[in-house]
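Structure assessment
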Amino acid sequence: MELPGIYGESSAQTANYARFDVEFVRGEGVHLYDASGAEYLDFLCGLGVTSLGHCHPAVVEAIERRSRELIHTSNLFWSSPAEELARRLTAASFASNVFFCNSGAEANEAAIKLARAHAVAQGSNAREIVVLERAFHGRTMGALSATPQEDKQAPFTPLVHGFRTAPNDDADAVAAAVTPQTCAVMLEPVQGEGGVFPIPDAVLVAAREACDAVGALLIFDEVQCGLGRTGSLFAYQQTSVVPDVMTLAKALGGGLPIGAMLAGEGCTDALQPGYHGSTFGGNPVTCAAACAAFELLSDDELLEHVRGLGELLRGRLDEYGPVAGRGLMLGVELGDDVDARDVVKHMLFEGRVIANSTGPSTLRFLPPFVASAGDVDRAIAALDSALSAI
Ligand SMILES: *Cc1c(COP(=O)(O)O)cnc(C)c1O
């Protein structure tokens, strides 16, 4: 079938995305190419996924090799790529074991179920999960119920019961929200949607202490901010707090869909056989890709480059408004008189640089870790010309 490339109203897909009229047909490193061969600089990485750049040769090689051997067997049997990935993740973090699934929302669903099962295993009837304002944990019903954003939740009520929202910047209020009814506090150490916002250390400490006081689990959603994005392998490593549970996805598979829930000592056996599962979870091809990606993402030199380039980009963005974030997860507040969506469009179609907006006047950058200072120059030039044109 010959398709025209841009489908608009004639698309046979569900109309749940507001897409730009662009199709990329090839990617390499920091660049994407459309069918005419025009080159774009990708400073968004498919929403934080392709942190190693597009089609990284080590990831491509792992996918090729493993897909020739075996593509799927199910979790009725053992599979060495999943075991190898789990061992790498636990060796590099606080965690003792890992559950694999296929997305960030699914990883958070697993964490929610783990928290409730953990309470039951402790002989407690605590059911409540405390989440923070402006959080984003995903679109499935459980993860959506943990995402206190009116516009995302309203069409889908009734939601899953038992979620309670606390402010994202007030340590005392977070501590007060945790009661003997609480089985977990779930938060992103650096929030990514609705503006980039690193949760203050005092809030993280308060959450940790409040969880410890009532026997609740502290869950960090590092789906976006984990895996090197903020300049350390995991975002929690730049805070003074260690969680009990951590969820990962986005960059984990080097571009393939995979999610993971990592559990620390004390909650490793809350999910008993039959409690939870995923048909595709731990797939040999995605896990092989993830092993290849993880080896590269945990490289100290690469993480140092993320911190250095992050400082450079932050310094340049500072001239356009207040900048928030860490490493290469940065948001700049352009001011009330600027519609960030117009800036994104202009940057895409005129400057051929990809960024996105979270919130009406916030521009978000999630550049690939393999970007250079020259790429930062190109992104800033595109931003500059978009702002002068608007
Ligand atoms: C993207 C994201 C999710 C959801 O991940 P999906 O793979 O889209 O389900 C959850 N939490 C955070 C922090 C995210 O950024």
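Predicted, not measured: the structure shown is a model, and the values here were computed from it.

Quick notes on the rules
- Residues numbered from 1 in each chain as written.
- Predicted model: local features only at pLDDT ≥ 70, side-chain atom pairs only at ≥ 80, totals over all residues.
- Heavy atoms only, no water.
- Helix = DSSP H or I, 4+ residues; strand = E, 2+ residues; numbered from the N terminus.
- Buried < 20%, exposed > 50% of the residue type's maximum accessible area, 1.4 Å probe, protein only.
- Contact = heavy atoms within 4.5 Å.
- Areas by Shrake-Rupley, 256 points an atom, 1.4 Å probe, with all protein chains shown as cover.
- Axes fitted to C-alpha atoms, helices over the stretch in contact; angles between N-to-C directions.
- Left-handed = near helix turned anticlockwise from the far one by under 90°.
- Near = heavy atom within 4 Å.
- Polar contact = N/O pair within 3.5 Å; in protein donor to acceptor, adjacent residues only side chain to side chain.
- Nonpolar A, V, L, I, M, F, W, Y, C, P; charged D, E, K, R; others polar.
- Expected span 1.5 Å × (residues − 1).
- Arc of directions from axis to C-beta.
- Salt bridge = Lys/Arg side-chain N within 4 Å of Asp/Glu carboxyl O.
- Pairing = 2+ DSSP bridges.
- Phe/Tyr/Trp six-rings, centres within 6.5 Å; stacked < 30°, edge-to-face > 60°.

This next bit is on the overall build of the chain. Of regular secondary structure, the chain possesses 12 helices and 17 strands. Viewed in the frame of its principal axes, the chain has a C-alpha envelope of about 60 × 55 × 45 Å. Within the chain, buried positions represent 52% of all 390 residues. Counting contacts in the chain only where the partners sit at least 6 residues apart, residues at least 24 apart contribute 70% of the total. When the accessible surface of the chain is summed, it comes to about 17400 Å², and 52% of that surface belongs to carbon and sulfur atoms.

Here we take up the packing of helix α11 (residues 340–351) against helix α12 (residues 373–389). Where α11 contacts α12, the two axes come as close as 9 Å, and the packing angle between them is 115 degrees. The crossing of α11 and α12 is right-handed. Counting all contacts with α11, which are made through V343, H346, M347 and G351, the residues of α12 involved are R378, A379, A382, L383, S385, A386, L387 and A389.

This part takes up the site of the ligand. In the neighbourhood of the ligand, the contacting residues comprise S103, G104, A105, N108, F136, H137, G138, E188, D221, V223, Q224 and K250. Q224 is positioned with one of its side-chain polar atoms (N or O) 2.8 Å from an oxygen atom of the ligand. Separating an oxygen atom of the ligand from a side-chain N or O atom of K250 is a distance of 2.6 Å. When the free accessible area of the ligand is taken as 380 Å², the share hidden by the protein chains comes to 80%. Looking at which element gives the most residues to the shell around the ligand, the answer is helix α4 (residues 104–121), with three residues. Residue composition of the shell around the ligand, grouped by class: three nonpolar, six polar and three charged.

Time to look at helix α2 (residues 57–69). With 13 residues, α2 extends 19 Å from end C-alpha to end C-alpha; this agrees with the ideal 18 Å at 1.5 Å per step. Residues of α2 that are buried include every one of V59, A62 and R66, and no others. All buried residues of α2 lie within an arc of 60 degrees about the axis, which places them on one face of the element. In this structure, α2 carries P57 and R68 as exposed residues pointing more than 90 degrees from its buried face. Next to the buried residues of α2 lie α3 (80–91) and α9 (284–297).

Here we take up helix α8 (residues 201–214). Since there are 3.6 residues in each turn of an α-helix, residues three or four apart along the chain are aligned in direction. For α8, spanning 14 residues, the distance from its first C-alpha to its last is 20 Å, which sits close to the expected 20 Å at 1.5 Å a residue. Along α8, the residues that are buried comprise V203, L204, A206, A207, R208, A210 and C211. One or two residues past the end of α8 sits G215, with phi positive at roughly 80 degrees.

Moving on to the pattern of salt bridges. Under the counting rule described, the total for this entry stands at 13 salt bridges. Measuring nitrogen to oxygen at the nearest pair gives 3.6 Å for the salt bridge that ties R65 to E61. Here the residue R65 and the residue E61 both occupy positions in helix α2, the gap between them amounting to four residues, near one helical turn. Taking relative accessible area as the criterion, R65 reaches 39% and is therefore assigned partly exposed. Ionic pairing is found between D377 and R316, a salt bridge with its closest N-O pair at 2.7 Å. Note that D377 is positioned in helix α12 and R316 in helix α10 (residues 300–317), a separation of 61 residues in sequence. On the basis of relative accessibility, which here comes to 40%, the residue D377 falls in the partly exposed class. A relative accessible area of 27% places R316 in the partly exposed class. Taken together, the shared-partner salt bridges connect E84, R88 and E295 into one network.

Another aspect to go through is the sheet that holds strand β7 (residues 182–187). Pairing is mixed in the open sheet, where seven strands are placed in the order β4-β12-β11-β10-β7-β5-β6. The two strands at the open ends of the sheet, each matched to only one other strand, are β4 (97–101) and β6 (163–166). Across the sheet, the mean angle separating the axes of adjacent strands is 20 degrees when strand polarity is ignored. When β4 meets strand β12 (residues 259–263), the two strands line up antiparallel, connected through five bridges.

On to the packing of aromatic side chains, then. Counted by the stated rule, this structure contains five aromatic pairs. Between F20 and F349 the ring centres are 6.4 Å apart and the planes differ by 70 degrees, which places this aromatic pair in the edge-to-face class. Linking F20 in the segment before β1 (24–28) with F349 in helix α11, this pair joins segments that are 329 residues apart in sequence. A relative accessible area of 39% means that F20 is categorised as partly exposed. F349 gets classed as partly exposed once you look at its relative accessible area, which sits at 38%. Ring centres of F94 and Y236 lie 5.4 Å apart, and the angle between their planes is 80 degrees; on these two criteria the pair is classed as edge-to-face.

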